Amino acid sequence: MAGALAGLKVVEIGELVSAPYTAKLMADLGAEVIKIERPAIGDIARRRGPFPGGRPDPERSGLFLYLNANKYGVTVDLAQAEGFELLEQLIARADVLIHNLWPPDMDRIGLSFDRLAQRNPRLVMTSITPFGLGGSHRDWRAEELTIWSSGGVCVLNGAGPNHPELPPLKTSGHPAGFQAGAHAAAATMGAVLARVRGGVGQHVDVSAQETLVSQNEMVFEYWPYMGVIANRLGRKPLQPLEAMECRDGWIFICCVEEHQWRSFVALMGNPDWANEEIFSDRLKRGENWEALEIFLREWVGQQTVLDLYRKAQERRVPFAPVSTMGDLLNSEHLKARGFFVEIEHPAAGRLTYPGAPIKYGAAPWQIRMPAPLLGQHNLDIFSGRLGLSRGRIDQLRSKGVI
Amino acid sequence: MAGGPLSGIRIADFTWVWAGPYCTLQLAHMGADVIRIETATRPCVTRMLPPWPGGKPAGLDSSGYYNQYNQGKRSLALNFSQPGALEVARALIAKSDVVTNNFAHGVMDRLGLGYEELRKIKSDIIMISLSGYGDTGPYRDYVAYGPAQVPLCGLSSLTGYIGGPPMHAGYSYADPNAGVHGAFAVLAALYHRELTGEGQYMDMSQWECAMAVLPEGIMEYTMNGTEPQRIGNRDPWMAPHGIFRCKDRAEKVLGFTIDQFVAVAVSDDAAWQRMAAAIGRPELAHDPKFAALAARKSNEDELESIIESWSIGQNAPQAAGILQNAGVAAFVVADNKYLSEEDQHLKDRGYFVNLPHPVVGTRQHCGIPWKMSATPIAVRSAAPTLGQHTHEILSQVLGLPEAEIARLRESGALE
């Protein structure tokens, strides 16, 4: 069976996470993705880890290998006129361009929708930028941490009201990059669908900041509805909703509904303290959390994670382990569902990767090939797809265009 | 295409809480007719959660949480314990392209609305389930709550202050992550149907979907067999890289002092030279303790205290502006008031939405985080009140005569 996007032709000019993730979501469903990297340097993700043995190697970055499987890789210097001409030739035969060039870099190389649409009026072009293609922050510099901080979500995380001296805490990894990339994938597919349903090509302008502001849970609305600023120092109104340490790891204690709390109390053997008036409903447990926490930490500290997880879930109480990476790789549930996949790569060898975010009934998610080596498919694409002669390719190579 | 890129696509939306409504919100943004099937006997959880105008709930239509994630949708209120309600739902599905839900595994089957049933109603139907654990596997019946998904997926064990315990993300990150991936999956399936005529069923485990955006930690383990250390706000490839305290907000809010911070990420030595000059310490640019990344990493505690001794005297927006003017990546650690009132850029982009709502009046809501040049998109209406569109859907979408609608209302099938 072919994937849902088989036959769709995508060109990616992507660095690090956001645009590469958008194109990965499409590549994993069968789209043909040609990824353009800078000659000699390549995608910056090649220089970010994790690396085997902690030794940086541009062909063995776990982040790069994950984000770029299923893609063809070519190198083009878009700042040279002949390089831009190659891009235009690729665009002429493509359906979609995904990029996350910083707007001043777009200006510098002359990348714009109007220019590319002259070569291909049916093109869907998606620009993923930190703050969007208009407005006073258009040309502001940004990195993962500052985009995450601009989105109103970073301010929510931290040690809580008992440790106001500790700053807001970044969530691990590249959540801003991934959220921008996933939203861009939805927006891009909306444009692609409009086109096959009789529409035209168009330009999609995604602001990474706005994708985060859009997922502020109920928190943003506290200002327009109640004039309340929400940040890491707020008390949780309901308890218990906390990670606690067991004998062999951490578990997340989670009782939202009263029946869940009653079941948890029964699981603990109905201790006397649980009958105290100050713990009698979820709001009181929130108000009196400092007292409750002492009892719970003592009891939870004597348990083991998987045993308490199973016993709680048997009673429909939604506890969850604070999974380590090892827990995830060894999970019987994830194994039974076949979540993780193995990919053989010429430089990095055979490794286990996260797999499909969604299982498709009729048009499967599939790994067809590993991430490209830098410039691996130059010949295949420039000769095989664009019809350039060997001599021309050698000439472009000697000029540093590819 | 005046109605947006998904104009003419109808979604029978059985989702609730956050992940599912976040999925269908993206589809509503692009012009799909999203009809939420709701019930007053078990209302959407977010209808009963804060914030509320004035801090107090006024019925089931006053929650800012619900009103944010259901903009541009319609609401059909059915009571499934009454005869006739299931038939209305089935008639709606027959006129829909997509059916969405985020119930636990098995709930749609028990309602009589499992995928095999739906195919009999409409042969090319597209259905997606966004459940916590997925449809298969030994834990498929486990109960999943938003706050517990963050630790379950591995994000908590990766996140924390140096030397400290595992921490949270501060919000139920796995929910919108699942929602936006679900929207992409629905659109990919619609594309597939457009080309092949074939519908399909899609099974999402929110747990797995969250791991798909955590490759750094997972591949550290699969490459090296080691669990990543928690490194606070630092980064192995950049320094300084952190969140630095600035002056508190000048005004207290509801009696509370509000602290403020600036986030700074210095990506290379040249950026560090610019930053040193911008904070009035140009001599540090070429100081052997700080000139190169490796040296800055070795002396990071001292580096951070130097920066904080500068930032503590600045207002956060001012600090971010000074650094940006010097060509250094920096931003206020934005809170809701900053975004709502003080981020002029978001206003200039026209990001926010202010539409009238019959119960809460006109309130500022978050809008669509992207723009489209040829099929313009806009939030078309405020979130629906419970059952606001029941009559118009039965009459205009299903074509039921008034007498039949009245009969259903009398029987209690309509709320």
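Caption draft 1: Summary view of the sheet that holds strand β7 (residues 241-245) of chain B. All names here are of chain B. Judged by pairing direction, the sheet is antiparallel, and its three strands sit side by side in the order β7-β8-β9 without closing on themselves. Looking along the sheet, the strands with just one partner apiece sit at the ends: β7 and β9 (329-332). In this sheet, neighbouring strand axes are inclined to one another by 20° on average, regardless of whether the strands run parallel or antiparallel. Where strand β8 (residues 261-265) lies against β9, four bridges are found, and the strand directions are antiparallel. The residue bridging Ala-265 from the neighbouring strand is Ala-329, located in β9. Contacts from helix α13 (residues 300-311) reach β7 and β8 within the one sheet, and its direction differs from that of β7 by about 40°. Helix α14 (residues 316-325) contacts β8 and β9 of the sheet and is inclined by roughly 165° relative to β9.

Caption draft 2: Structural detail: the environment of B:Glu208. Relative to the helices and strands, B:Glu208 resides in helix α9 (residues 206-211). Along the sequence, B:Glu208 and B:Cys153 sit 55 residues apart, while their C-alpha atoms lie 7.4 Å from each other. Those residues in contact with B:Glu208 that sit more than four places away from it in its chain are A:Phe339, A:Pro357 and B:Gly134.

Caption draft 3: Geometry of the confidence of the model for chain B. On average, chain B scores 96 in pLDDT, and the residues at 70 or more come to 100%. Across the interface, the model reports ipTM at 0.98; the global pTM reads 0.98.

Caption draft 4: The arrangement of the pairing of strand β3 (residues 71-75) of chain A in detail. All names here are of chain A. Of all five residues making up β3, five are buried, and the element is well covered by its neighbours. Here five bridges tie strand β2 (residues 32-37) to β3, and the two strands are oriented parallel to one another. Directly across from Ile-34, in β3, lies its bridge partner Tyr-72.

Caption draft 5: Inspection of the interface of chain B and chain A at higher detail. At the junction of the two partners, chain B supplies 126 residues and chain A supplies 120 residues. A total of 14 residues in the side of chain B that touches chain A trace back to one element, the largest contributor, which is helix α8 (residues 174-196) of chain B. In terms of residue class, the side of chain B that touches chain A is built from 77 nonpolar, 35 polar and 14 charged. The pairing of strand β6 (residues 202-207) of chain A with strand β12 (residues 370-372) of chain B spans three bridges and is antiparallel. Paired with A:Val206 across the two strands is B:Trp370, which belongs to β12(B).

Caption draft 6: Quick peek at the nonpolar core. Core analysis: the biggest nonpolar cluster contains 254 residues, and A:Met26, A:Ile251, A:Phe319, B:Phe184 and B:Val262 have the highest contact counts within it. Here this core takes 13 residues from helix α7 (residues 175-196) of chain A, the largest share from any one element. Residues contacting A:Phe319, with those up to four places away along its chain left out, are A:Ile251, A:Phe252, A:Ile253, A:Cys254, A:Leu308, A:Tyr309, A:Ala312, A:Gln313 and B:Ala148.

Caption draft 7: Highlighting the sheet that holds strand β1 (residues 9-13) of chain A. On the basis of which strands lie adjacent, the open sheet formed by seven strands has the order β3(A)-β2(A)-β1(A)-β4(A)-β5(A)-β6(A)-β12(B) and mixed pairing. Unpaired on one side and paired on the other, β3 of chain A together with β12 of chain B mark the two borders of the sheet. Taken pair by pair, the neighbouring strands of this sheet meet at an average axis angle of 15°, ignoring direction. Each of β1, β2, β3, β4 (96-99) and β5 (124-129) of chain A touches helix α1 (residues 18-27) of chain A; the most contacted strand, β1(A), lies at about 160° to it.

About the cut-offs
Residues numbered from 1 in each chain as written. Chains lettered and ligands numbered in written order. Predicted model: local features only at pLDDT ≥ 70, side-chain atom pairs only at ≥ 80, totals over all residues. Pairing = 2+ DSSP bridges. Helix = DSSP H or I, 4+ residues; strand = E, 2+ residues; numbered from the N terminus. Axes fitted to C-alpha atoms, helices over the stretch in contact; angles between N-to-C directions. Contact = placed C-beta atoms within 7 Å. pLDDT = per-residue confidence, 0-100. Buried ≥ 20, exposed ≤ 12 C-beta atoms within 10 Å, placed from the backbone. Nonpolar A, V, L, I, M, F, W, Y, C, P; charged D, E, K, R; others polar. Core = buried A, V, L, I, M, F, W, Y, C linked by C-beta atoms within 7 Å.

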